[in-house]
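# Examination of the molecular architecture
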Amino acid sequence: MKKRLMCMLIAAAVAAVSLPALSVSAADYSFIKQYDDGSFLEGWNQHERGSYEMTENADGGFFTSWDGIYDCYSMYGKQFDPPKEGWVFGKADLTYNAEIEATGIQFYGVYGRAPRSRTEFYVIEGWGSWRPPGGQGKMTVEPVEINGVQYDLYKSARRAFSDYNTMITQYWSVRTENPFREGEKNTCSGMISVAEHLRAWNEAGGDLDETLISDISFYTESYGGILPDINMTGTCKASGITLEIEENPKKPAKNVSMENYLRTDADGTYQEVWRKAARTYMDYQDHPDGSLTGTWNGFSSAFFRNGIRFPEGTAPAAQAEQITVSYEAEIEAKGKCTYGLAGFTKEPAEEDALPVYFQIIEGWNGEREFENIAPKDTVEIDGVLYDLYYGFRLPAEDQLHSGDYRMVWSIRRDNPFRAGEKAVYQGTVSLDQHIRAWEGIGVTVAPEALDSVQVSVDVIEPVSTAGEEQHEIMYGSFRIEKPVIVSGSSTAASDPVFRAGDANCDGITDVSDAVLIARFAAEDREATFTDQGRQNADVTHDGNVDAQDSAKILQYIAKKILSFD
């Protein structure tokens, strides 16, 4: 559906004069009358289809009737000159009385405009055969209660009436129960706390505090454009419409839960909370014990990180052979999300070299990352199989770590996440073994170059196969403990790493492994394996190391096969 900022352009061309009762017929496109006290009356009939009549009432309101229209609306309210920012409205109570009888798509309530911000909002008190805005873009899982009435909140968008390439943001509050009876005469009255709805949209992820609102009105609309075979007909008599406003004396502080958050202390404490755009509501708190807790609700990407940013000179030494990270997180989630470890390296000194962003995904809800993409390698670390992937990251200017990054992932084969439950996930990850595994696929993460390591819960915006956003509501709660990171050096050999096909345990699966296996199969006494090498060599998984394993490795190297599964 529809709407048009053109009305405001027309308003500028209409003199604010006092006229006798006027009506607008199908021959007219639109009608606006402004009063000395800032009140205004406005009617509009799209495409001049059918008949549409509007008459002003002496007691503050209007009578309107329509038949066979494409789209028409009628409103009576107040304009603000100059426009007022959303935070100004400490109170904005609109009182109305109306008698409405209509068939087809019809709704009534409050309408407000902010043309400079390309924004409009609705509070829908009743509707006919179609419930606006159609179920898309729901901002909260549960309804909100305002003045004892339950409302569902939505955020949507439409194309501007005067410029098809311009998008208008729309906010909606829609009663959960509909008092309107289609085809009957409905007596409707009430008081709508518009300021409370503005605050509710903000708390659900909207951004209306600094939006310049030009007018607020009682509003009724009928729409038949998409139903050409249905005769849209109706009448509305609105009276006693008042808008009582009390302004806030000063701009209130912003709710911190609506902002991206970053904490970096001298001792290395590092916490970061981020959301994409303003389509996800976040509430969070950092605690004296170092934990981070919170919730999310919406349909856009976000992440929550709690970890350590290494102060100068405290990163693990280059020769560190053991780096372990112990984590604990309590999570409950609906929608796509992952948890595990994340980290960054510092900016390298070499020109054109890129820092590295890594993730070790320990569990996930929804579809697994890279579900249909063959891994670069598969390794066993801490008794767990991980698939390895790498890629590149585009600049993210509103995060601490911005700019271009090389990216590398270790993703568990098995998934311990318990969907639909609140559960605690904990473990100890050998980061040093992951670092060596990433080197095997060509991504170097030098321990001494580590900038930060965090426990991370990532909320991931779903996309369709065509790459389009899917506005699926995602929500959940989390508690992330501060991780414990231990590093040390040792002359002892590091724990063996499972890497399919790496028969000589040099960290790479290549032709030398196939040759070693072929020599072993030909009973060359100098062709020997360690226990880990023998396990790596058996890529056919038949318990033997023979020429079939050598042939399969050659197929893998030639990219005839993408994995050894």
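Residues numbered from 1 in each chain as written. Predicted model: local features only at pLDDT ≥ 70, side-chain atom pairs only at ≥ 80, totals over all residues. Heavy atoms only, no water.

A few words now on the overall build of the chain. Per the secondary structure count, the chain includes 6 helices and 30 strands. Looking at the 565 residues of the chain, the share that counts as buried comes to 51%. Only carbon and sulfur atoms are counted for the fraction: they give 48% of the accessible area of the chain, which is about 25,400 Å². (Helix = DSSP H or I, 4+ residues; strand = E, 2+ residues; numbered from the N terminus. Buried < 20%, exposed > 50% of the residue type's maximum accessible area, 1.4 Å probe, protein only. Areas by Shrake-Rupley, 256 points an atom, 1.4 Å probe, with all protein chains shown as cover.)

So, on to helix H3 (residues 431-439). Within H3, 7 of the 9 residues are buried, which leaves it mostly tucked inside the rest of the structure. Here H3 has its buried residues at Leu431, Asp432, Gln433, His434, Ile435, Ala437 and Trp438.

Bringing the sheet that holds strand S12 (residues 186-193) into the picture now. Read across the sheet, 5 strands follow the order S3-S4-S14-S6-S12 without closing on themselves; strand pairing throughout is antiparallel. Each edge of the open sheet is held by one strand with a lone partner, namely strand S3 (51-57) and S12. The average undirected angle you get between the axes of adjacent strands in this sheet is 15°. Helix H2 (residues 194-203) contacts strand S6 (89-102) and S12 of the sheet and is inclined by roughly 110° relative to S6. (Pairing = 2+ DSSP bridges. Axes fitted to C-alpha atoms, helices over the stretch in contact; angles between N-to-C directions. Contact = heavy atoms within 4.5 Å.)

We now examine unusual backbone geometry. Here the bond from Asp81 into Pro82 is cis, since omega is 5°, no more than 30 degrees from zero. Here Pro82 lies in strand S5 (residues 71-85). Look at the link from Pro132 to Pro133: it is a cis peptide, with omega at 0°. Inspection of the secondary structure assignment puts Pro133 in the loop between strand S8 (119-127) and strand S9 (144-146). The phi dihedral of Asp382 falls on the positive side, at around 55°, and the residue is not glycine.

Now for the packing of aromatic side chains. Evaluation of the coordinates by the stated rule reveals 29 aromatic pairs. Plain terms: the ring middles of Phe304 and Phe478 are 4.4 Å apart, the flat faces sit at 35° to each other, and that makes the pair tilted. Linking Phe304 in strand S19 (residues 302-309) with Phe478 in strand S28 (residues 474-480), this pair joins segments that are 174 residues apart in sequence. An aromatic cluster is built from Trp44, Tyr73, Phe107, Tyr111, Tyr122, Trp172 and Tyr219, whose rings are joined through pairwise contacts. Note that Arg305 overlies the ring of Phe303, its terminal NZ or CZ placed 3.7 Å from the centroid. For the cation-ring pair, Arg368 lies above Trp364, with the distance from its terminal atom to the ring centre recorded as 5.6 Å. (Phe/Tyr/Trp six-rings, centres within 6.5 Å; stacked < 30°, edge-to-face > 60°. Lys NZ or Arg CZ within 6 Å of the ring centre and 35° of its normal.)

What follows concerns H2. Given 3.6 residues per helical turn, the α-helix brings residues three or four places apart onto the same face. The buried fraction of H2 amounts to 7 of the 10 residues, a majority that puts the element mostly inside the structure. Residues of H2 that are buried: Val194, Ala195, His197, Leu198, Ala200, Trp201 and Asn202. The positive-phi residue at the C-terminal boundary of H2 is Gly205, with phi of around 115°.

Okay, the pairing of strand S17 (residues 280-286) next. Two elements, S17 and strand S18 (residues 292-298), share 7 bridges in a ladder whose sense is antiparallel. Bridge pairing links Tyr281 to Asn297 in S18. Hairpin connection of S17 to S18: 5 residues between the antiparallel strands, including Gly290 at a positive phi of 95°.

The next point concerns the side chain of Arg479. Of note, Arg479 is situated in strand S28. At a separation of 3.4 Å, a polar atom in the side chain of Arg479 contacts the side chain of Glu328. Only 2.4 Å separates the side chain of Arg479 from the side chain of Glu481, close enough to count as a polar contact. With near-sequence residues (within four places) excluded, Arg479 lies in contact with Leu292, Thr293, Glu328, Ala329, Glu330 and Val424. (Polar contact = N/O pair within 3.5 Å; in protein donor to acceptor, adjacent residues only side chain to side chain.)

In the structure shown here, the tally under the stated rule is 0 disulfides. Here Cys188 is not cross-linked by a disulfide; its sulfur's nearest cysteine counterpart is in Cys236, at 7.8 Å. Residue Cys188 is classed as buried on the basis of its relative accessible area of 6%. For Cys236, a relative accessible area of 0% corresponds to the buried category. (Disulfide = S-S within 2.5 Å.)

Time to look at a nonpolar patch on the surface. Together, Val511, Val515, Leu554 and Ile557 give the surface a local cluster of nonpolar side chains, amounting to about 300 Å² of exposed area. Those elements giving two or more residues to the nonpolar patch turn out to be helix H4 (511-521) and helix H6 (547-557). (Patch = residues over 30% accessible without salt bridge, like charges linked within 9 Å, V, L, I, M, F, W, Y side chains within 5 Å. Salt bridge = Lys/Arg side-chain N within 4 Å of Asp/Glu carboxyl O.)

Before going further, it helps to spend a moment on the pattern of salt bridges. One pass over the structure, following the stated rule, counts 23 salt bridges. Between Glu369 and Lys336 there is a salt bridge, with its nearest N and O atoms 3.0 Å apart. With a gap of 33 residues between them, Glu369 in the loop between strand S22 (356-365) and strand S23 (377-381) and Lys336 in the loop between strand S20 (322-334) and strand S21 (337-345) connect regions that are remote in the sequence.

Attention now goes to the environment of Tyr73. As for its position among the elements, Tyr73 is in strand S5. For Tyr73, a relative accessible area of 1% puts it in the buried group. In sequence terms Tyr73 and Tyr223 are 150 residues apart; their C-alpha atoms lie 8.6 Å from each other.

So, on to the packing of H4 against H6. Where H4 meets H6, the closest approach of the two axes is 8 Å, and the angle between their N-to-C directions is 165°. It follows that H4 is roughly antiparallel to H6 by the angle criterion. As H4 packs across H6, the resulting crossing turns out to be left-handed. On the side of H4, the interface is formed by Val511, Ala514, Ile517, Ala518 and Ala521, while H6 contributes Ala547, Asp549, Ser550, Ile553, Leu554 and Ile557. (Parallel < 35°, antiparallel > 145°, perpendicular 65-115°, else oblique. Left-handed = near helix turned anticlockwise from the far one by under 90°.)

Spatially, S1-S2-S5-S13-S7-S8-S11-S10-S9 is the arrangement adopted by the 9 strands of the open sheet, whose pairing is mixed. For this open sheet the edge positions go to strand S1 (30-34) and S9, each flanked by a neighbour on one side alone. Averaged over all pairs of adjacent strands, the angle between strand axes in this sheet comes to 25°, irrespective of strand direction. Of the strand pairs in this sheet, S9 and strand S10 (residues 149-159) are connected by 3 bridges, and their pairing is antiparallel. Across the sheet, residue Val144 finds its bridge partner in S10, namely Tyr151.

What follows is about the environment of Cys188. Its place among the elements puts Cys188 in strand S12. Between the C-alpha atoms of Cys188 and Glu99, which are 89 residues apart in sequence, the distance is 6.0 Å. Aside from chain neighbours lying at most four places away, what touches Cys188 is Tyr96, Asn97, Ala98, Ile100 and Tyr108.

Any functional reading would require information that these geometric values do not contain.
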